[in-house]
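Architecture and fold: a report
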Amino acid sequence: MKAAGRREPRVLSGFRDFLPEQMLLRQRIVGVIRAVFERHGFEPLDTPALELIEVLTGKAGENEKLMYRFTDGGGREVGLRYDLTVPLARVVAMHQNDLVFPFKRYHIAPVWRAERAQRGRFREFWQCDADIAGSASMLADAEVVAVMAEALAAVGLPRCTIRINHRQLLAALARAAGVDAAGAGTVFRAIDKLDKIGPDGVARELEDSGITAGATGRILAMVTEEGDPAARLASLRSGLDQDAEAMAAIDQLGELFGHLPAFGVADEVVRFDLSLARGLDYYTGPVFEAVVEEPKVGSVAGAGRYDGLIGTFLGRSVPATGISLGLERIIEVVKEFDLLPGATSTTDVFVAVTRDTVADAAQIAARLRDQRLRVDLGLQPARSLGDQAKYAARKGIPVAVLMSPADVGAGTAVVRALHTGAQTTVLLDDLGRAVHEALRADDAAGPALSDA
RNA sequence: GUGCCUUUAGCUCAACCGGCAGAGCGCUGGACUGUGGAUCCGGAGGUUACGGGUUCGAGCCCCGUAAGGCACCCCA
C-alpha cells in the first residue's frame, strides 16, 4: 500500500545520479586526466558553483541564453557557472598578487547549461580544464595542445584528431568576402558545418545570407584546400597578403605547428582546419577542438586562446590559453569501446560470515585491514556461503574468504578467487599472504576474466 | 528553445480489431543443502509515466505535461 503523501522521487532532465559502478569509472578517468595535468606542472584550483551574474555575463555571447540564472533569497542576481574559464579569469584578476605567472591551473568540476539533453550532452556536466594565464607565447598553446593529445591518448580514445584554427584568420576570411563584422558570425557558422553539410551546403548557406557567389567561391577554396599545414599557411599568406591581422595569425599558427612535434604531438594527430569556428565569443587566437568519429557525441574537447577575457576584470590585459575536456563525452566513448576494462570494485576481499563464526570473521576482517587490504565483511550470517560468494562476485570483488564452522575449529580458511573459482585452504596465520597472492593472480589474469 | 519518435512489475519485454494486465529474470518467505543456490514449494510487487478527453468499455484512440532517444540550434 502506498503511504499517503508519498512524493515521486525524480531528477530534472539533463541531471543524473551516479551509482557506484559509474562512479568507479568516472573516478578512474578523472584520475588519468589529473595525472596528465600534473605531469605538465598544472596545479589544482576550485571555485564556487554560483557566481554573481555580472561576473558571468558578457563573455559567451549568444550562449548566455543557456545560463542558469536567478535571484537569490537576498535579492542578488546570480548564475551557475557556464564554464570553468570565466571563473578562472575572475580568480586571476582577484588574486593576481598571490599567483605566480605564468599561472598554470587545472580545474575538474561540474558546469551547468540549460540545453536540451541528449546522448553525451547534459545540463549538469563535468569539464576538465587546464589553462595557462600570463603567457602570450605560442609555447603555451603548444603545451595545452600537447596536454589535450596526451590526456585523450591516456584514456585510450581511438582515431581522435585535434582540429586547429585561428580566430583572426577566420575573421580575415570574412573580411576577404566583404562581410562586415556583424555578419561574420553567420559566415563562421556556415563554414563550421562543412563536415556535416559539405561544400555545396556551405555555399548555399553563404549565398542565402547574402554573400556573393564570387566571395563564396573564394572562401570555400581556402577552407577546403588540402595539404600539410606549412604549405596551406604559405598559400593563405599569398592570398591574404593585404591583411596585416591575417598575416599575424598565420605567423602564430606557423609557430604553433612548428612547436608541436617537439612537444610530442605527432603530425597525424593534428589537422589545420579552417572550417573550425567555435562558439564562445571570448576566443581571440588559436582555437582547438578534438573530435571522435564514433560514437556521435560531438566534440570531446574544446579550447583556445582568450587574450581579452581576464582584462574584462582587470583593466589591463593578461594573455591566456587553455583546454577543456568533456568528461561525459569521453566516458561515452570509453564505455562504447570498453577502453578501460578492469576493476569494478573498490574492495579487495570479501569475508563471509556464518551464525557460528561471526566473531572469528570480524576479527579476520580486522586483521586483513591491518594488512592494508580493503575488506568487505559479510552482514548476512543466515545466508549460505554460496549465496555470500555470489554477493561478492556481483559486487565485482575479486577474492572471498569463506570460512565454515569446521574451518574455525581447524584454524583454517578458504581463499577463493571469484573470477576463476580457484580456491585454496590456508592456515589463518597465512591468510593475508594468501589473499595478496590471489589478488596478484587476479591482476595477472587481466580484464578478460573480470566479468565472468 | 523548435520538430519527430518512445514510455506496460525492480530489469528485459508480451497483451489480436478498443473487451478480465501477463511471462522470464530479479526480489522475498520456506524446504534442502554450509562454496557462484542448482532443485522444489509459496509470496509480494501495476492508478499501463502523469493529468484530462472520447467510448457501454482505453495499455491501445485524441489533447496536455514530464522524462528518454534522434534531428535542428548550440556545444564538452
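Only a predicted model underlies this, so the values are computations on that prediction, with no experimental measurement involved.

Here's the deal with the sheet that holds strand E14 (residues 399-402)
- Taken together, the 5 strands give an open sheet; going across it, the order is E13-E12-E14-E15-E16, and neighbouring strands pair in mixed fashion. Each end of this open sheet is capped by a strand with a single partner; those strands are strand E13 (375-377) and strand E16 (423-427). Looking at each pair of strands side by side, their axes are set apart by 25° on average, direction ignored.
- Helix-sheet contacts for helix H13 (residues 358-370) involve strand E12 (349-351), E13 and E14, and the interaxial angle to E13 is about 170°.
- Against the sheet, helix H14 (residues 385-394) touches E12, E13 and E14, its axis set at about 155° to E12.

Description of the pattern of salt bridges
- Taken as a whole and assessed by the stated rule, the structure comprises 24 salt bridges.
- Taking the shortest distance from any N to any O, the salt bridge between Arg163 and Glu289 comes out at 3.2 Å. Taken together, the residues span a long stretch of sequence, with Arg163 in strand E7 (residues 160-166) and Glu289 in strand E9 (residues 286-292) at a distance of 126 residues.
- Between Asp243 and Arg175 there is a salt bridge, and its shortest N-O distance comes to 3.0 Å. With Asp243 in the loop between helix H9 (229-239) and helix H10 (244-259) and Arg175 in helix H5 (residues 167-176), this pair connects stretches of sequence that are 68 residues apart.
- With relative accessibility at 14%, the residue Asp243 sits in the buried group.
- A network of salt bridges, in which partner residues are shared, links Arg163, Asp195, Arg271, Asp273 and Glu289.

Some remarks on the protein's contact with RNA strand B
- Taken together, 48 residues form the shell around RNA strand B, and within it Arg121, Arg189, Ser384, Asp387 and Leu418 come nearest.
- Backbone atoms, meaning sugar plus phosphate, form 50% of the atoms of RNA strand B positioned within 4 Å of the protein.
- Residue Arg116 places a side-chain N or O atom 3.2 Å away from a base oxygen belonging to RNA strand B.
- In the environment of RNA strand B, a base nitrogen lies 3.4 Å from a nitrogen or oxygen atom belonging to the backbone of Gly120.
- The set of elements that each furnish at least two residues to the surface near RNA strand B consists of strand E6 (124-133), strand E10 (299-305), helix H12 (327-337), H14 and strand E15 (412-417).
- Split by residue class, the surface near RNA strand B holds 13 nonpolar, 16 polar and 19 charged.

Some points on the pairing of strand E11 (residues 320-326)
- Judged by how many residues are buried, E11 sits mostly within the fold: 7 of 7 residues are covered.
- Of the two faces of E11, the one holding Ala320, Gly322, Ser324 and Gly326 and the one holding Thr321, Ile323 and Leu325 are both buried throughout.
- Where E6 meets E11, 7 bridges bridge the pair, whose relative direction is antiparallel. Among the inter-strand pairings, Ala130 is bridged to a residue of E11, identified as Ile323.
- Pairing between E10 and E11: 5 bridges, direction antiparallel. In the strand pairing of E11, Gly302 is matched with Ser324.

Rules and cut-offs
Residues numbered from 1 in each chain as written. Chains lettered and ligands numbered in written order. Predicted model: local features only at pLDDT ≥ 70, side-chain atom pairs only at ≥ 80, totals over all residues. Heavy atoms only, no water. Pairing = 2+ DSSP bridges. Helix = DSSP H or I, 4+ residues; strand = E, 2+ residues; numbered from the N terminus. Axes fitted to C-alpha atoms, helices over the stretch in contact; angles between N-to-C directions. Contact = heavy atoms within 4.5 Å. Salt bridge = Lys/Arg side-chain N within 4 Å of Asp/Glu carboxyl O. Buried < 20%, exposed > 50% of the residue type's maximum accessible area, 1.4 Å probe, protein only. Near = heavy atom within 4 Å. Polar contact = N/O pair within 3.5 Å; in protein donor to acceptor, adjacent residues only side chain to side chain. Nonpolar A, V, L, I, M, F, W, Y, C, P; charged D, E, K, R; others polar.

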